[in-house]
Structures are given as structure tokens and as C-alpha cells.
Amino acid sequence: MKQVLQDMANGGSSLVEAPAPIATNGSVLIDSTVSLISAGTERMLVDFGKASLLDKARQQPDKVKMVLEKVQTDGLMTTIDAVQSKLAQPLPLGYCNVGTVNSVGKNVEGFKTGDRVVSNGPHADVVRVSKNLCALIPDNVSDEEASFTVVASIGLQGIRLAEPTLGESFVVTGVGLIGLLTVQLLRAQGCRVLAIDFDDSKLELAKQFGAETCNPGRGEDPVAAGMAFSRGKGVDGVIITASTKSNDPVTQAARMSRKRGRIVLVGVTGLELNRADFYEKELTFQVSCSYGPGRYDSDYEDKGNDYPYAFVRWTEQRNFEAILDMMASGQMDVKPLISHRFNFEEAPKAYELLTSDRSALGILLNYGSEIAPRHKKVVELDSRVTFQAAKPIVGFVGAGNYASRMLIPAFKAGGAQLHTIATSGGINGVTHGEKAGFSKTTTDTQSMIIDPEINTVAIVTRHNSHAKFVAEALNAGKHVFVEKPLAISLSELADVEAAYYSKTSTDAAPKLMVGFNRRFSPQVQKMKELLSSINEPKTFMMTMNAGAIPAEHWTQDSNVGGGRIIGEACHFVDLMRFLAGSEITSVQCRRMGDTDSVEITEDKAAIILGFADGSFGTIHYLANGAASFPKERVEVFAAGRVLQLDNFRKLKAFGWPGFSKMNLWKQDKGQADCSTAFLQSIEKGIDAPIPARELFEVAKVTIEIAEQLRRQK
């Protein structure tokens, strides 16, 4: 398939070839026929990409604050790497797609192969969307007309919040694409409409749709125009669809509104409000969220769980259907809004036009290529690459932020031969595969795992898939590196153990490694060296200032991420196990209790581990601390001596003869050394860096901790 991507570092738009996605559970795979460039939103993204680093910072002061906090805790160089990595990730453009259903995943009803549908899919010739994010197109609505459905739904959601009634007077401020569609929807509601904009050509279109107009650029006063339009009483409502940094649209809306009028912000404006303007009239001001209930709700959008029809009448999908019904009945006419058409292969030219011609409205991309070639599952990135069978030849499963920013570079630096990178969507595989130097990228993970040329598989996917992929790779005779956790349940762990031990009797038994990188960091290695001279029990205190993650985030979901204890605190269980050098024999833990008003997730807990040699330690895993406080602290008390490690940058020693400190310029959590140790064990034919029995021990203990905490609810 091919897809349009936006480079957020320099602003360039490009057409990228990638493996086609596969229809997954609850999703629909669509062969695109037309897509609409959303002039306002996409122009804003392109402009942001082209802005200098300083201008980007000025536009996102909240992000600047986060960067400064990271500098304080993680150091300047680590922060610079993180910012550069974020900006280097291309952004898929587009959310107004029309096409034909190619296939449907499991648990999808209401759609079948061959159906014409509209969706919020990106500009790509093959898109995969959740079943709740697409709708069937009526027979008498063309593909080009249907491509306006999603942007029209944005305006419709703003109108639903404003609750207009027959005969009311409404103002639409900013009549770009969404504004002109909003004018038509309000007129269909039986409202009188005043359109305000600085562009005469857009105001002329608004007139065609039945609105009166006002152009402040010609010296016309919007407030006076609104009062005159409302016959001196003040307008009933204002819907702001403009995009500007100015506060004027909101201020003018308040001053032209009647007492208890309604103002809804659909676009983007300055929000320095004058209290008096709103207080004296008891005005209602509300910000509209995209195209309806369900937006940004992972249960609805990703998992396909619909809201009950009787209680949430208008969802994203049902708003799509309402717009399509308006088009089918002739109450909405989008043909006058089509200003340009391009073949999909000319998409970069379309984006050049978007930034050079501010009057452009409906820019359509038409997809005329043959269907079959779009669905290639493997794309060659560099056919010149050759491989040495005696060294690690690695296939990666997953190309998310951690894989692309940390693990893949660490593997490459450690001598890995990068063969294939597999992702479910395709685009990340191309983006990060090309940058790292992979030979191929694919969306057919199973075929990659059994590829005879690949001898090592690295798994960096969502946690609920780890055990499955690990078992498949071990059964295929591959060496396996899996980012923590190894498994999120005891039954999954049993499957992994069975697969591992079934191969240990063979001559070429595969090696298993979990990405417990912290034990490989130079400062922890120094701590281990110092502690090895002490032959008495030790006391450990580890504090993880984990930071808050919303309860609905996938990592908090026990069925997907396993929860943060299994998904992240396992690092500290392993670290303590390594420093103690002794088997874990007891587990006790306590989580923060729920209150009447707040349900506390398991990521605020204290864990006490006991060891066979008499050592013990506590892990404080806390998500309710300040971001400016160091994220990780490790302290060890032993034989009248103390070691203290802060955030893997500063190691202090108290009472240790000949050693007082070990500080680093840049944070080092051991990712590179962890990967190198694993790769060298393969190349040299030596034992894996962490014994498998310890990996299984830590996994079992971590799962037990999580289960104890969950029983405390």
C-alpha cells in the first residue's frame, strides 16, 4: 500500500510504500477510492512541521514544561535524544476516507466485502479502521460527496451541543470547509444564519447556502452585524469554526449573543475570556470534541464497544450516518466545495497547493491504482543487504516508540544483522526499518518468525502478545529477546516454559532473554561488584516515581498491558533479584486503598521481597508523585555501608573504602549493554546473560504481586 506521511521535523509531505495491514479483530480493511484533505486541520499540521524548533516550542508551552522537567530528572542529552526522536516520527495525514470493503475482521457485523463505506481512515490506498469508525454510503451518494462526511460530522457535533431550534438566529464565525458545512446544517435545522469571514469567495458560497454575511476585512463590525441580524435582541448562538490565535472570535461572540446565549468552539482560537462578557449574560461556552461521543474513547474506537442507543443517541458513527442521510436527501450540497482534484500519486503537489493557496477548500485525492498490488505483505527496504549465518540475524516484531528509539539502535550497535521488521499496520515498519537499515518490512509476522534465514527474534509489542510470540519463536527454533514482561498470566508463562524446555535438550537450544536492562547499567554493575565482597544479608529500598497514566490507558488494562506492576515494576523485581544474588522466597505487598470518590489503580503500591540468604527489600512503585522528582532511586544498606543510585546518573557510596561516587553525563539504564550481551551469547555460543530459571522466577513473582494487590480491592 501507499500512504501520505508528514515529516514533523522539516514539514515535508511524502508518499510512502508499506506492507498492507491485515484486518484484525473488530476492524474493517478498506480499498480507498477517494479521500478529502481537510484544509484547516491538515494545513495547520503542515505549517507546524515547517516551523522552526523555536516556533514549535512557542506553539506548545505545555510540552516545553514537560521537556524542562525531563532535563531536571533525566539530564540534557537524554532529553535532547527524546525530543529529536519524537520529531523524527512521521505523522499520517488525513481522516476523511471513502472506499470499498476488502475484508472484515472477527466480531464485525453490518459490513461485508464490496460495501461502499466512509471512514476516518488516513490518506492511504488501503486503510484499516475500527468497525465503529465507518458507515455505509447510500446508493445515491457519490464517493466524492461521501468524502465530506467526517468533516461535516465535526460541524454537526458542534451543532448538537448548541441545540438550535427552528427559527433561531445563529452565527458561524469562520466559513472554511467545516464552517460552510455547518451553515448548511443550521439552515436544515430551520435557523437563520450569519456567516463571518475575511474571505469574500467563501462568504459568497455561504450566501449560496442561504446565509447572510459579514466581512470584518472590509471594515464591517461583527458585533454590530450580529445585533442587526438578531433584530437587536442578540443572537441565540454562535458556532466558531475559525482557526486563529486571536481572542476576537470568542469576545465578539459573547458581545453579540443574547442573554443566556450559547457559544460552541469547534475550531481553534485564543481563549483569554473576559468574565464580565459571560457573567452578565449568563452565557454558555463549550468546546466541541471532534465528531461526536466515542472520540478518544479506546473502548469505543479501538475495542468496538458501542454506547447504548437509548442513552447515547448520537455517536461518531451515528453522526456519520446522519450526514450521509442529509446528502442522500439533497439537504446538503458539497459539490460547490470541491476546489481541486489530484491523483493520489500526486499527493505531495496537493499539499504544496494547500500551503500556497489559502483559499483552497475541498481538495480531493482520487485512487485509481489496481487493487491487488496494494496488498503486498512484504516490502523490500534494502535488497543489497547480505547476512552471515554464524552471527545473529534478527527479525523484529513491533516498531513502537521504545523499539525505534532504544532497542533497535541498541541491537544495531551490538552487532545485530537486521533482517525484517514486522508491524500490524505497516507504516511504522517502513519508517523505522529504513532508518535502521533493515532489509525488509512485513505485516505477516508468522511468516517472518519461521523464515529460515532469521535465527533471532526480538519482540517489542503490546504485553498481551509477548507470550504468544515468544512461544511461537521458540518452537520455530529461534533465539528470543522479549521486552518485559515475559507473560501477563501464569497460564501464558506455562506455555512459554513448555516451549523453552522442549528445546533445551537439542544441540542448538535457543536462548531466551527478557529486556531487564537495568541490571546491565554501568552503575548497577559497579554496585554488584561492591556487594559481591559482602557475605551477609542486605537491605534494599527502591523507589519508582512512575508518574500518572490514565486508568483507561492500555498498560493499565490487565488483559492487554497486564497492569503497571506486571508491565513495569518487574524491572525492579529483577534488579533486586540480581543485586541480592539469591532466590526470592517471600512476597508481601500493599496498595493504596480506594475511596468513596476515587478508584485507585494498582500503580501505587509497596512490595516487600524476602530472599533465601536473609536479605529483604522494598519496592515503592508510586504514580502519585511530582514529575520533577527523580524517577528512579535505588538504595542498598549492607555491613555498615550504603549505596545510593539516583535516576541512573549519580551513584554515591557511604562507608565504602576507596569508592565514593560514580556519576554519568548521560543517563544509562543499560539498554545497549543488555542487547550486546544477548547478541554476543548467540555469536559466541555461551550461556544467555540471564539464566532462564531467573527469568521464570521473576515473572512468577511479579504476577503473584499483581494478584495480591488486586485481591485487596
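Residues numbered from 1 in each chain as written. Predicted model: local features only at pLDDT ≥ 70, side-chain atom pairs only at ≥ 80, totals over all residues. Heavy atoms only, no water.

> Can you help me understand the overall build of the chain in this one?
Secondary structure summary: the chain contains 23 helices and 31 strands in total. The C-alpha radius of gyration computed for the chain amounts to 29 Å, which stays within 12% of the reference 27 Å derived for 713 residues, consistent with globular compactness. Oriented by its inertia axes, the alpha-carbon framework of the chain measures out at about 90 × 60 × 50 Å. Here the chain, with 713 residues, has 54% of them falling under the buried criterion. Pairs at least 24 apart in sequence give 68% of the contacts found in the chain among residues at least 6 apart. Surface summary for the chain: the accessible area is close to 30500 Å², and the carbon and sulfur share equals 51%. Across the chain, 78 positive and 82 negative side-chain charges occur, with their mean positions spaced 4 Å apart. (Helix = DSSP H or I, 4+ residues; strand = E, 2+ residues; numbered from the N terminus. Rg over C-alpha atoms; globule rule 2.2 N^0.38 Å. Buried < 20%, exposed > 50% of the residue type's maximum accessible area, 1.4 Å probe, protein only. Contact = heavy atoms within 4.5 Å. Areas by Shrake-Rupley, 256 points an atom, 1.4 Å probe, with all protein chains shown as cover. Lys, Arg positive; Asp, Glu negative; His and termini not counted. Charge placed at Lys NZ, Arg CZ, Asp CG, Glu CD.)

> What should I look at first to understand empty space enclosed by the protein in this one?
According to the stated counting rule, one finds two cavities of 30 Å³ or more in the structure shown. As a volume, the largest cavity reaches approximately 70 Å³. Surrounding the largest cavity, Pro-485, Leu-486, Ala-487, Val-514, Phe-516, Ile-566, Cys-570, Leu-695, Val-698, Ala-699, Thr-702 and Ile-703 form its lining. For the lining of the largest cavity, the secondary structure elements donating two or more residues are α21 (563–580) and α23 (692–711). Its residues assigned to classes, the lining of the largest cavity comprises eleven nonpolar, one polar and no charged. The residue makeup of the lining of the largest cavity includes at least three contributed by each of domain 3 (378–511) and domain 4 (518–711). The space that makes up the second largest cavity amounts to roughly 40 Å³. (1 Å grid on protein atoms, 1.4 Å probe; cavity = no way out; pocket = protein on both sides within 12 Å on 5 of 7 lines; lining within 4 Å. Points joined across faces, edges and corners; volume = space filled by probe spheres on them. Nonpolar A, V, L, I, M, F, W, Y, C, P; charged D, E, K, R; others polar. Domains from an automatic or database assignment.)

> I would appreciate a short explanation of the pairing of strand β10 (residues 192–196) in the present structure.
The side chains of a regular strand alternate between both faces of the sheet. Most of β10 is tucked away, with four of its five residues classed as buried. Pairing analysis gives five bridges linking strand β9 (residues 169–173) to β10, with the strands arranged parallel. Among the inter-strand pairings, Thr-173 is bridged to a residue of β10, identified as Ile-196. Considered for its hand, the β-α-β crossover made up of β9, helix α7 (residues 177–188) and β10 is right-handed. The pairing of β10 with strand β11 (residues 212–214) spans three bridges and is parallel. Residue pairing across strands places Leu-194 opposite Glu-212, the latter belonging to β11. A crossover connection joins β10 to the parallel β11 through helix α8 (residues 200–208); in handedness this β-α-β unit is right-handed. (Pairing = 2+ DSSP bridges. Right-handed = clockwise from strand over helix to strand, strands pointing away.)

> It is not clear to me how the domain arrangement of the chain should be interpreted in this structure. Could you clarify?
A common way to state how big an interface is: give the accessible area lost once the parts meet. According to the domain assignment, the chain contains domain 1 (2–149 + 296–368), domain 2 (167–287), domain 3 (378–511) and domain 4 (518–711). Contacts between the two partners involve 17 residues from domain 1, matched on the other side by 16 residues from domain 3. Interface of domain 1 and domain 3: buried area, both sides summed, is about 1200 Å²; carbon and sulfur atoms make up 62% of it. At the junction of domain 1 and domain 3, the tally comes to zero salt bridges. At the junction of domain 1 with domain 3, the criterion picks out two residue pairs in polar contact (both at pLDDT 80 or more). Ranked by residue count, the leading element in the side of domain 1 that touches domain 3 is helix α4 (residues 76–87), at four residues. (Buried area = accessible area lost by both parts, 1.4 Å probe. Salt bridge = Lys/Arg side-chain N within 4 Å of Asp/Glu carboxyl O. Polar contact = N/O pair within 3.5 Å; in protein donor to acceptor, adjacent residues only side chain to side chain.)

> Help me understand the packing of aromatic side chains in this model?
Ring pairs (aromatic) are described by centroid distance and by the angle formed between their planes. Taken as a whole, this structure holds 14 aromatic pairs when the rule is applied. Both rings, one in Tyr-501 and one in Phe-696, keep their centres 5.7 Å apart while their planes meet at 55°; by these two values the pair is tilted. With Tyr-501 in helix α19 (residues 490–501) and Phe-696 in helix α23, this pair connects stretches of sequence that are 195 residues apart. Grouped by ring-pair contacts, the aromatic residues Phe-396, Phe-411, Phe-438, Phe-481 and Phe-678 constitute a single cluster. Between the NZ or CZ atom of Arg-192 and the centre of the ring of Phe-229, over which it lies, the distance is 4.2 Å. Here the guanidinium or amino end of Arg-275 rests over the ring plane of Tyr-279, the centre of that ring lying 4.4 Å away. (Phe/Tyr/Trp six-rings, centres within 6.5 Å; stacked < 30°, edge-to-face > 60°. Lys NZ or Arg CZ within 6 Å of the ring centre and 35° of its normal.)

> Hey, could you run me through the environment of Lys-233 in this one?
Along the chain, Lys-233 falls in the loop between α9 (222–229) and β12 (235–240). Once the C-alpha coordinates of Lys-233 and Arg-258 are considered, the two residues, 25 residues apart in sequence, prove to be 6.1 Å apart.

> I'm lost on the environment of Leu-709 in this one. Help?
By secondary structure assignment, the location of Leu-709 is in helix α23. Once you skip the residues sitting within four places of it in the chain, Leu-709 turns out to touch Ile-565, Cys-589, Arg-590, Arg-591, Glu-602 and Ala-605.

> Help me understand the sheet that holds strand β29 (residues 641–646), please; the structure alone is not making it clear to me.
Sheets are built from strands paired through backbone hydrogen bonds, the pairs being either parallel or antiparallel. Spatially, the eight strands line up as an open sheet ordered β25-β26-β27-β24-β28-β29-β30-β31, and their pairing is mixed. Looking at which strands have only one partner, the edges of the open sheet turn out to be β25 (584–591) and β31 (661–663). Across the sheet, the mean angle separating the axes of adjacent strands is 10° when strand polarity is ignored. Here seven bridges tie β25 to strand β26 (residues 604–611), and the two strands are oriented antiparallel to one another. Residue pairing across strands places Ile-584 opposite Phe-611, the latter belonging to β26. Packing against the sheet, α23 makes contact with β25 and β26, and its axis sits at approximately 30° to β25. (Axes fitted to C-alpha atoms, helices over the stretch in contact; angles between N-to-C directions.)

> What's the story with the pattern of salt bridges in this structure? I'm lost.
Any two side chains of opposite charge can pair, given that their charged atoms come close. Per the stated rule, a full pass over the model turns up 29 salt bridges. Close ionic contact of Arg-295 with Glu-301 constitutes a salt bridge, the shortest N to O distance being 2.9 Å. One salt bridge in this structure joins Lys-669 and Glu-632, with 3.1 Å as the shortest N-O distance. Taken together, the positions of Lys-669 in the loop between β31 and α22 (671–684) and Glu-632 in strand β28 (residues 632–638) put the pair 37 residues apart, joining distant regions of the chain.

> Quick question: what am I supposed to make of the packing of α21 against α23 here?
Geometrically, a packed helix pair is captured by the angle between its two axes and the distance between the axes. One can describe the packing of α21 onto α23 by two numbers: an axis separation of 9 Å at closest approach and a directional angle of 130°. Relative to α23, the element α21 lies oblique. Judged by the sense of rotation from one axis to the other, the crossing of α21 with α23 is right-handed. On α23, the residues touching Gly-563, Ile-565, Ile-566, Cys-570, Val-573, Asp-574 and Arg-577 of α21 are Glu-694, Glu-697, Val-698, Val-701, Thr-702, Ile-703, Ile-705, Ala-706, Leu-709 and Arg-710. (Parallel < 35°, antiparallel > 145°, perpendicular 65-115°, else oblique. Left-handed = near helix turned anticlockwise from the far one by under 90°.)

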